[in-house]
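These are the residues of each chain, in order.
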Amino acid sequence: MVKVIASSLRKGNVVDVDGRLYVVLTAQNFHPGKGTPVTQVDMRRIADGVKVSERWKTTEQVERAFVEDNNHTFLYADGEGYHFMNPESYDQLTMSPDDIGDAAAYLSEGMSVVLSIHEGVAIAIELPRQVTLEITETEPVVKGQTASSSYKPAMLSNGLRTMVPPHIDAGTRVVILTEDGSYVERAKD
């Protein structure tokens, strides 16, 4: 176990609180005008999946559990869960849909991800920062409309919705941030 300050916690980190392991879902630092800065952390208990919110002073020490972060390739999903393979050792790991969470929508066959492994069990997943997806449906392009601050809703090929500039049409491949599902740019491929 390694002690780190609370403000350094990030999504996907594994922490030990009172002898139980939690994976960090979100971590936000708040600096109020008066008072002590705090870090608000939403976590999921690895043992049973219970979600917990915790608030620490930003300088408070928190125990990070020792986990290995290894590159894995996503193979497929079935009734047992999501299957990944280590490209160096060819070892396969399975993660449950609860452990994958919102990341499931961005997984595609052959995608390289980073799995956090604690005592031989995959407990957290880190997706690539950006993915390229196709727009399946959106409002038609209006001639003469420029890329202004107005955005329109669009459906992506993975079933999620996002907001895109008015000049983007159905069938266009776009780059999306996996962190929040927001549009970055039109794909260059």
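Residues numbered from 1 in each chain as written. Predicted model: local features only at pLDDT ≥ 70, side-chain atom pairs only at ≥ 80, totals over all residues. Heavy atoms only, no water.

Peer 1: I'd like a description of the sheet that holds strand 12 (residues 130-138), backed by residues and values.
Peer 2: The pairing of strands in a sheet comes from backbone hydrogen bonds and takes either a parallel or an antiparallel form. If you walk across this open sheet you meet the five strands as 14-13-12-15-16, and the pairing is antiparallel. For this open sheet the edge positions go to strand 14 (161-164) and strand 16 (183-186), each flanked by a neighbour on one side alone. On average, each strand axis in the sheet is tilted by 50° relative to the strand beside it, whichever way the strands run. Note that strand 15 (residues 173-177) and strand 16 share three bridges and pair antiparallel. Its bridge partner being in strand 16, isoleucine 176 is matched across the sheet by tyrosine 183. (Pairing = 2+ DSSP bridges. Helix = DSSP H or I, 4+ residues; strand = E, 2+ residues; numbered from the N terminus. Axes fitted to C-alpha atoms, helices over the stretch in contact; angles between N-to-C directions.)

Peer 1: Break down the nonpolar core for me, citing the residues and quoting the values.
Peer 2: Ranked by internal contacts, the top residues of the largest apolar core, which has 26 residues, are Phe84, Ile100, Leu107, Val113, Leu115, Ile125 and Leu127. When residues of this core are traced back to their parent elements, those giving at least two are strand 8 (81-85), strand 9 (92-95), strand 10 (112-118), strand 11 (121-126), strand 12, strand 13 (152-156) and strand 15. Listed in part, the 11 residues of the second largest apolar core include Val4, Val15, Tyr22 and Met43. (Core = buried A, V, L, I, M, F, W, Y, C linked by side-chain atoms within 4.5 Å. Buried < 20%, exposed > 50% of the residue type's maximum accessible area, 1.4 Å probe, protein only.)

Peer 1: Give a detailed account of the sheet that holds strand 9, specifying residues and quantitative values.
Peer 2: Read across the open sheet, the five strands follow the order 9-8-7-10-11; overall the sheet is antiparallel. If you trace the sheet from one side to the other, it starts and ends with strand 9 and strand 11, each paired once. With direction set aside, neighbouring strand axes in the sheet form an average angle of 45°.

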